[in-house]
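# Chain and residue survey
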Amino acid sequence: MTRCTWMKPCLWAAVVALLVSGLPAGAQGQTSAASAPAAAAPAPPPPAPAMDAPLDIKAAQPPSTDDLAAKGDAGGTSTGTVSDVVAADTKKGLTLADVVNQAGQNRIAINFVWTLVTGFLVMFMQAGFAIVETGLCRAKNANHTMMMNFMVYGFGLFAFWVCGFAIQMGGGAPYSTLGGIYPLNSEHVINVLGKPWGLFGTHGFFLSGASYDVGAMVLFLFQMVFMDTALTIVTGACAERWKYVAFAISSVFMGAITYPLFANWAWGGGWLSQLGANFSLGHGYCDFAGSGVVHAVGGITALALSMIIGPRIGKYNRDGSSNAMPGHDIVIVLTGCFILAFGWFGFNPGSTLAASGNGALRIGSIAVNTMLAGCTGSFGAILYMWIRYGKPDASMSGNGLLAGLVAITAPSGFVSTVGAAIIGLVAGALVCVSVEFVDRVLRVDDPVGAISVHGTNGIWGVISVGLFADGTSNYGGSWNGVNGSVRGLFYGDASQLVAQLIGVGTLIGGIFALSYISGWIMDLIIGQRVSAADELEGLDIPEMGALCYPEFVLKHYSPGTAAAAD
Amino acid sequence: MKLVGVLLTIFGWLLPVVGLTMTSSTGARMFICILGIGITLFGIISVLNKAHLKTAVWKQ
C-alpha cells in the first residue's frame, strides 16, 4: 500500500471525526444553551429566619456559668456573649428580633454615653472661665467676679429649663443619633416671600409632658452647658463695674431668649440652617460646635452691654488714651486656659452627638483639629506680641490659645488638620489686633478681652467654614437637609460662604440689636452700673459683703503710674 | 443718635436676608451680604458707639 493509498482514508476519517466532534460540542453548546438557563439560574435563597422564632443559643456556645464561677475571665474573652442579650419574652427565648433591637439600642446607648460625658467636660469649662476672668481682674473685685461665674451656671440652667431649651430645640426632631426625640417636633414657622422661616420651637417647656423623654434629657444637658458658656463670656467683659442684680437678670434673659433664638435658627431647624434647602446656599448656615451660636453670641452681647455700662474709672484719660489695668494672678489665668482647652475636647468632638454611626468616627479628627488650632492660636498671639512689644505676653498668649479654640469650633467637623492650623494661627494674631482695636479705637473697656476672643474670633470661625470646609466629612450623607458634604470656597462652593456671611450679619446685626435694646431697657429700669464709690473701693465688700483675700493688704491702684501708692 | 445706630444695625442685618429673594446669583448675594455687614458695622461703630463716647465717664 503506498502513502497516497492510506492517507486518503485517513484524511476522510479525520474530517469525519472533526464533524462528529463538532456535533457533540454543538449539542453540548445547545445543551449548554438549553441548560444554561437552568445552570445560570441562581439557587433559591434559604428562607429568612422569622424575626420572632426562637434562636438556638447553644449553637453560639456561650460559656458555662459554672466554669466562669470557678475560673473567672482574666482575658475578657468570655464576658459579653449571647447570654447577655436580653430576650423580650423569656418564656419564648431569644429571637432575631431581640438581637436586632439590642443592636439598635447599643448604638443609641453609645451615643448617649458619649454625649453625656462630653457634656460633663463642657460643664467643667465653667471653672476654667471663672478663674481666667478672676485672674485678669483686680484682686479687690475677685469675689464678685468669681460669684458671677459661679451663679451664671444656676441662673442660666434655670432659664433654659423653663423656656430656653424649648425655644431652641423644641422643633428640630428627629435627632437621629439620640433615638429621634420625636416629641420635640413643633417649630413655629412663618411664610414670608414664598419661603418658610422657622423662628422658634414650642415643645419642651420645663422638660415636661412628652418631652419627659430619655433622649430629651441627654440633649438638654448637652445644649445647656453650651448655653452657659455663652452666658459666662459676658461676665468677663462687664467685670469690675457691673451690678450683681443686673448681671443676674441679664443672664436669665440671655439663657431664656437671646441665646436660644439664634441657636434655634442655627441648630434647631430654624431659618438659618435651611438656607441651603430654601435658597440653594450650600448646606445652609453651618456651625459644627458653636463659634457663632455660642462664642459670637456671647462676645457680641458682651460688646453691647460693655458699651451701655461704660469703661472702668481710670481706664481712659481725658485725652482718650487708655491705661493698662493688669490682672492680679497670671497663674490662675493660664491654669484656667488649660482647663478650657481640656473641656474643649468635649465641646467640639461631642457635637457629633454620636460615637456610633452617621460619620461619628470622625471624632478623632475633630479632637486633633481642636488641639492644633489652640496650639497655633497661642503661636500667633505670642509671635505678634513678641515682635510688636518685645516680650511674650502671658495673658495674650492665653487669649491666643482661647482664640484658636474659639475659631476652630465651627469648622472643626469639616476641615483638615492643615486648615485647622491655619485657622488657629490667624485667630491668634487676630485676637491681638482686635484687643487693640476695641481698646484704643472703640474705647470699649473689656477687662478680659472677651469681645475679641469670643466675638471677633467667633465670627472668624463662622467665616472659615465657608472657606476651608473640604468636603470629606460624611455625617449620614447630608447636613441641614442638603445631600453631600459641606464644602467651602477653597473647595469649590462659594454659596456656602454666602450662607456663613448671612449668619455673621445675623449675629452682629440681629443679636447685637436684641442685646443692646434689652440692656438699654434694663439700664433705664434698674441701672447696670455700680456707683463710683463702690467701684473705687472694689465690688467685693459693697456687692458681695466679703473680701476674696481678707488676709492680704491690697495695693491702691493709681492710674498712669508704675509704682503703687499705699 | 443711639436709636439711629440701632436701626442701621437692624437694617444691615435684614438687607442680605431680603436680598436672597431678589436674586439667585451667588456673586450678587455675596455683594449684598458684605454691603449689609458694612452697614451694620457702621451703625455700631460710627453711630452707636460714638453716641456713647460723647457721654463717657472719662470725659466727665
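Residues numbered from 1 in each chain as written. Chains lettered and ligands numbered in written order. Predicted model: local features only at pLDDT ≥ 70, side-chain atom pairs only at ≥ 80, totals over all residues.

A separate point is the overall build of chain A. Looking only at helices and strands, chain A features 16 helices and four strands. A globule of 566 residues ought to have a C-alpha radius of gyration of about 24 Å, yet chain A, at 33 Å, is considerably larger. In terms of overall dimensions, chain A has C-alpha extents of about 140 × 65 × 60 Å along its principal axes. Across the 566 residues in chain A, those meeting the buried criterion constitute 52%. Within chain A, contacts between residues at least 6 apart in sequence are counted, and of these 75% link residues at least 24 apart. (Helix = DSSP H or I, 4+ residues; strand = E, 2+ residues; numbered from the N terminus. Rg over C-alpha atoms; globule rule 2.2 N^0.38 Å. Buried ≥ 20, exposed ≤ 12 C-beta atoms within 10 Å, placed from the backbone. Contact = placed C-beta atoms within 7 Å.)

Regarding its fold elements, chain B presents two helices and zero strands. Whereas a compact globule of 60 residues would reach a radius of gyration of roughly 10 Å, chain B reaches 15 Å, over 25% beyond that. Projected onto the principal axes, the alpha-carbon positions of chain B cover approximately 50 × 15 × 10 Å. For chain B, with 60 residues in total, the buried portion stands at 35%. Contacts in chain B between residues at least 24 apart in sequence constitute 70% of all its contacts with a sequence separation of at least 6.

Residues and elements named next belong to chain A. Taking 1.5 Å per residue, 18 residues should reach 26 Å; helix α9 (residues 330-347) reaches 25 Å between its end C-alpha atoms and fits that length. For α9, the set of buried residues is I332, V333, G336, C337, I339, L340, A341, G343, W344, G346 and F347. Looking at the buried positions of α9, the neighbouring elements they touch are α3 (96-136), α10 (363-389) and α11 (394-409). (Expected span 1.5 Å × (residues − 1).)

Turning to the packing of helix α14 (residues 494-525) of chain A against helix α1 (residues 2-19) of chain B, a few remarks are in order. Two quantities define a packed helix pair, namely the angle between the axes and the distance from one axis to the other. The interhelical angle for the contact between α14(A) and α1(B), taken along N-to-C directions, is 150°, at an axis separation of 8 Å. Classed by the angle they form, the pair α14(A) and α1(B) counts as roughly antiparallel. Note that α14(A) runs across α1(B); the crossing there is left-handed. Residue-level contacts link A:I502, A:G505, A:T506, A:G509, A:G510, A:F512, A:A513, A:Y516 and A:I517 of α14(A) to B:V6, B:T9, B:I10, B:G12, B:W13, B:P16 and B:V17 of α1(B). Tallied by class, the residues present in the contact of α14(A) with α1(B) amount to ten nonpolar, six polar and no charged. (Axes fitted to C-alpha atoms, helices over the stretch in contact; angles between N-to-C directions. Parallel < 35°, antiparallel > 145°, perpendicular 65-115°, else oblique. Left-handed = near helix turned anticlockwise from the far one by under 90°. Nonpolar A, V, L, I, M, F, W, Y, C, P; charged D, E, K, R; others polar.)

Across the boundary between the two partners, chain B contributes 27 residues, which contact 27 residues of chain A. Sorting the residues of the side of chain B that touches chain A by element identifies α1 and α2 (26-54) of chain B as the ones contributing at least two each. Each residue belonging to the side of chain B that touches chain A can be placed in one class, and the counts come to 17 nonpolar, eight polar and two charged.

Attention now moves to the nonpolar core. All names here are of chain A. Residues V297 and L340 are the most contacted members of the largest nonpolar core, which totals 162 residues. Tallying contributions element by element places helix α5 (residues 214-237) first for this core, with 14 residues. Each residue touching L340, except ones within four places of it in the same chain, is listed here: M125, G128, F129, V132, L402 and L405. (Core = buried A, V, L, I, M, F, W, Y, C linked by C-beta atoms within 7 Å.)

It is worth spelling out the pairing of strand β1 (residues 187-192) of chain A at this point. Residue and element names in this part refer to chain A. Alignment of β1 against strand β2 (residues 195-201), held across six bridges, turns out to be antiparallel. Residue pairing in the sheet places H188 in a bridge with F200 of β2. Hairpin connection, β1 to β2: the antiparallel pair is bridged by two residues, and L193 has positive phi, about 55°. (Pairing = 2+ DSSP bridges.)

A few words on the environment of A:V438. Residue and element names in this part refer to chain A. As for its placement among the helices and strands, V438 is situated in helix α12 (residues 417-441). Among the residues examined, V438 registers 22 C-beta atoms within 10 Å and is labelled buried. Distance from V438 to G449, taken between C-alpha atoms, is 8.9 Å for residues eleven residues apart in sequence.

Here we take up the confidence of the model for chain A. All names here are of chain A. Taken over all residues, the pLDDT of chain A has a mean of 90, while the share at 70 or more is 91%. Within chain A, helix α1 (residues 3-40) has the poorest average pLDDT of any element, 46, and helix α13 (residues 450-468) the best, 98. pLDDT under 50 marks residues 1-8. Its contacts with residues more than four places away, or in other chains, come to one contact. Every residue in residues 20-36 scores below 50 in pLDDT, and together they form zero contacts with partners more than four places removed in sequence or on other chains. (pLDDT = per-residue confidence, 0-100.)

Excluding glycine, most residues fall at negative phi; most peptide bonds, likewise, are trans. Residues and elements named next belong to chain A. Each neighbour pair has its own omega, and for A173 with P174 the value is 5°, a cis peptide bond. One can find P174 in the loop between α4 (142-169) and β1. Not every positive phi belongs to a glycine, and Q61 is a case in point at roughly 50°. Along the chain, Q61 turns up in the loop between α1 and α2 (65-71). A residue is classified by how many C-beta atoms lie within 10 Å of it, and Q61, with 9 of them, is exposed. Of note in this structure, S280 is not a glycine but carries a positive phi near 55°. Mapped onto the fold, S280 is located in the loop between α7 (275-279) and α8 (291-309). Take S280: there are 15 C-beta atoms within 10 Å of it, and that puts it in the partly exposed class.

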